[in-house]
Amino acid sequence: MAYETIIVEIEDHIALVKLNRPDAMNALNDVLLSELAQALKAAQKDPKVRCIVVTGTEKFFAAGADIKMMAEKGFVDVYSEDLFSDATGTIARIRKPIIAAVSGYALGGGCELAMMCDFIIAGDNAKFGQPEINLGVMAGMGGSQRLTRAIGKAKAMDMNLTGRFMDAEEAERAGLVSRVVPCKKLMENAMQAAAKIAEKSMISVMAVKEAVNRAEETTLTEGLLYEKRLFFSLFATEDQKEGMTAFLEKREPQFRDR
Ligand code: HXC
C-alpha cells in the first residue's frame, strides 16, 4: 500500500513505520494521522507482523501537530470535526506492541504520539516537549494526561507550563523513555527490541499490553485482579504448555500463538 506521508516496510515479522513529511519536520496533519492509523490497523490484521516500530528521521520524530493547518481554524471547526480524535483513538487501541524510536524533536503532538506507543526508545539527541503553551493553546492529545502519568505532576506541569524541552537523559530519569542509546544506533536497538518481542507468543504479548495499559486506568486492587484473570487465562493456551515444557527440557520454545 502506497502512502503519501508515511513509509511502511515489513520484514522479519516487524512493521517499520516511518513518518515522512520532512519539509514540515513530520508535523502531524489529518492525512498523516489517518494514514498512520490505517497502516497500524493493517499491521494488526497482518499475521506476519508481530511487532511495530514507529520512527521519524534522525533530526525529528515529529515537531507536533501542523501549525499551518491549525492556524486558521476556530473553536467550532476543531470541536465539530473532533480534530485528530478518530485517528488517535485507533492508534491507542492497536493491540499489537508498538515501539516508538525517537531521535531529535518529539514536540507537542509528536511527544503525544510517542506516548501513545507502548514504550519509547530514545536516541541520545532526542528532545521531548509540550510547547503548545507558546502558541496560546495547550496539549490536546495526551500531553497533560499520559505525560503526567509517565513522569508525575511536577515535571508534567513544568513541561506544559514553561514549554521547555527535556533531553533524552532527563526523559529516561523521569520514566518517559525506557532506554537511551547513541542516536546512530537507535534503529538497530529498536529493531532488536522488536525482534525480541516478535519471538514471544503473540497471545501473551497482547495480554501483557492489555494488563500494563490497565494499570493506567484503574485501582491497584482492580488491576491486580485483571492481571490475575489474564494470567490464569494464558493457562488455556498451547503456548503455556510449550513455554514451560521447553524450559524444563532446556530448549528454546516454539510458540504457535495458540
Ligand atoms: C508546521 C512546522 C512545525 C509544526 C516545524 N515546522 N514545526 N510546520 N507545524 N508543528 C516547519 C517550520 O515551519 C519550517 O518550515 C520547518 O518545519 C523547519 O522548522 P524551523 O523552525 O525552521 O527549524 P528549527 O529552527 O530547527 O526549529 C525546530 C523546532 C521548531 C524547534 C522544532 O520548528 C518548532 O518550535 N516547531 C514548533 C513546535 C511546536 O510548537 N509544536 C507543537 C504544535 S501544537 P519552513 O516552510 O519555514 O521551512 C500541537 C498540538 C497537538 O502539537 C494537539 C492536537 C490535538
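Structure shown above.
Cut-off values and rules
- Residues numbered from 1 in each chain as written.
- Predicted model: local features only at pLDDT ≥ 70, side-chain atom pairs only at ≥ 80, totals over all residues.
- Heavy atoms only, no water.
- Pairing = 2+ DSSP bridges.
- Helix = DSSP H or I, 4+ residues; strand = E, 2+ residues; numbered from the N terminus.
- Axes fitted to C-alpha atoms, helices over the stretch in contact; angles between N-to-C directions.
- Contact = heavy atoms within 4.5 Å.
- Near = heavy atom within 4 Å.
- Polar contact = N/O pair within 3.5 Å; in protein donor to acceptor, adjacent residues only side chain to side chain.
- Areas by Shrake-Rupley, 256 points an atom, 1.4 Å probe, with all protein chains shown as cover.
- Nonpolar A, V, L, I, M, F, W, Y, C, P; charged D, E, K, R; others polar.
- Phe/Tyr/Trp six-rings, centres within 6.5 Å; stacked < 30°, edge-to-face > 60°.
- Buried < 20%, exposed > 50% of the residue type's maximum accessible area, 1.4 Å probe, protein only.
- Salt bridge = Lys/Arg side-chain N within 4 Å of Asp/Glu carboxyl O.
- Core = buried A, V, L, I, M, F, W, Y, C linked by side-chain atoms within 4.5 Å.
- 1 Å grid on protein atoms, 1.4 Å probe; cavity = no way out; pocket = protein on both sides within 12 Å on 5 of 7 lines; lining within 4 Å.
- Points joined across faces, edges and corners; volume = space filled by probe spheres on them.
- Domains from an automatic or database assignment.

Quick look at the sheet that holds strand S4 (residues 60-62)
Part 1 of the argument: Ordered in space as S4-S6-S8-S9, the four strands form an open sheet in which the pairing is mixed. Edge positions in the open sheet fall to S4 and strand S9 (165-167), since each of these has one partner strand only. Sheet twist, expressed as the mean angle between neighbouring strand axes with direction ignored, is 20°.
Part 2 of the argument: The strands touched by helix H5 (residues 109-116) within the sheet are S4, strand S6 (105-107) and strand S8 (127-129), with S6 carrying the most contacts at an inclination of about 90°.

A few points about the site of the ligand
Part 1 of the argument: In the vicinity of the ligand there are 22 residues, among which Ala 63, Ala 65, Ile 67, Lys 68 and Gly 109 approach most closely.
Part 2 of the argument: Contact between the ligand and Ala 65: an oxygen atom at 2.7 Å from a main-chain N or O atom of the residue.
Part 3 of the argument: The contact in question runs from an oxygen atom of the ligand to an N or O atom on the backbone of Gly 109, over 2.8 Å.
Part 4 of the argument: Summarising the interface, the protein chains cover 63% of the accessible area of the ligand, which totals 1000 Å² for the free molecule.
Part 5 of the argument: Those elements that place two or more of their residues in the shell around the ligand are helix H2 (67-71), S6 and H5.
Part 6 of the argument: No other element matches the three residues that H2 contributes to the shell around the ligand.
Part 7 of the argument: Of the residues assigned to the shell around the ligand, the class counts are 13 nonpolar, four polar and five charged.

Comments concerning the packing of aromatic side chains
Part 1 of the argument: Throughout the structure, instances matching the rule amount to four aromatic pairs.
Part 2 of the argument: For the pair Phe 75 and Tyr 79, a centre-to-centre distance of 5.2 Å together with 20° between the ring planes defines the contact as stacked. Of this pair, Phe 75 and Tyr 79 both sit in helix H3 (residues 75-81), four residues apart, which is roughly one turn of that helix.
Part 3 of the argument: Accessibility expressed as a relative area gives 60% for Phe 75, which makes it exposed.
Part 4 of the argument: Between Phe 231 and Phe 232, the aromatic rings sit 5.9 Å apart at their centres with planes inclined by 50°, giving tilted as the arrangement.

Focus: the pattern of salt bridges
Part 1 of the argument: Inspection of the entire model under this criterion finds 15 salt bridges.
Part 2 of the argument: The partner of Glu 249 in a salt bridge is Arg 251, with the nearest N and O atoms 2.8 Å apart.
Part 3 of the argument: Here Glu 249 falls in the partly exposed class, since its relative accessible area comes to 49%.
Part 4 of the argument: Judged by relative accessible area, Arg 251 falls into the partly exposed class, the value being 33%.

Looking at the nonpolar core
For soluble globular proteins, the rule of thumb is that nonpolar side chains tend to be buried together.
Part 1 of the argument: Grouped together as the largest cluster of nonpolar side chains are 50 residues, with contacts concentrated most on Ile 52, Phe 61 and Phe 128.
Part 2 of the argument: Take this core: its biggest share by element is seven residues, from helix H1 (residues 30-45).
Part 3 of the argument: In this structure, Val 53, Val 181, Ile 197 and Met 206 belong to the second largest nonpolar core, which totals 16 residues.

Notes on the side chain of Glu 242
Part 1 of the argument: Among the secondary structure elements, Glu 242 is positioned in helix H12 (residues 238-248).
Part 2 of the argument: Residue class for Glu 242 comes out buried when judged on its relative accessible area of 16%.
Part 3 of the argument: Once residues lying within four places of it in the same chain are set aside, the contact partners of Glu 242 are Arg 251, Glu 252, Pro 253, Gln 254 and Phe 255.

A short note on the pairing of strand S3 (residues 51-55)
Part 1 of the argument: With respect to burial, S3 is a largely interior element, five of its five residues being buried.
Part 2 of the argument: Of the two faces of S3, the one lined by Cys 51, Val 53 and Thr 55 and the one lined by Ile 52 and Val 54 are each fully buried.
Part 3 of the argument: For strand S2 (residues 14-19) and S3, the ladder comprises five bridges, and the chain directions are parallel. Bridge pairing in S3 places Ala 15 opposite Ile 52.
Part 4 of the argument: As judged from the four bridges shared by S3 and strand S5 (residues 98-102), these two strands associate in the parallel manner.

Observations concerning the layout of surface pockets
Gaps left between atoms show up when a probe the size of a water molecule is rolled over them.
Part 1 of the argument: Estimated volume of the largest pocket: approximately 1100 Å³.
Part 2 of the argument: Around the largest pocket, the lining is made up of 35 residues, and of these Cys 117, Asp 118, Val 212, Asn 213 and Glu 216 lie nearest the centre.
Part 3 of the argument: When residues of the lining of the largest pocket are traced back to their parent elements, those giving at least two are H5, strand S7 (119-123), helix H6 (146-151) and helix H10 (202-215).
Part 4 of the argument: Residues belonging to the lining of the largest pocket are distributed by class as follows: 19 nonpolar, five polar and eleven charged.
Part 5 of the argument: Looking at the lining of the largest pocket, you find at least three residues from each of domain 1 (6-198) and domain 2 (201-249).
Part 6 of the argument: Approximately 540 Å³ is the volume found for the second largest pocket.
Part 7 of the argument: In terms of lining, the second largest pocket is formed by 21 residues, of which the most central are Ala 65, Met 70, Glu 132, Val 137 and Met 138.
Part 8 of the argument: Secondary structure elements with two or more residues in the lining of the second largest pocket: H2 and H5.
Part 9 of the argument: Per element, the largest residue contribution to the lining of the second largest pocket is three residues, and it comes from H2.
Part 10 of the argument: Looking at the lining of the second largest pocket, its residues break down into 14 nonpolar, five polar and two charged.

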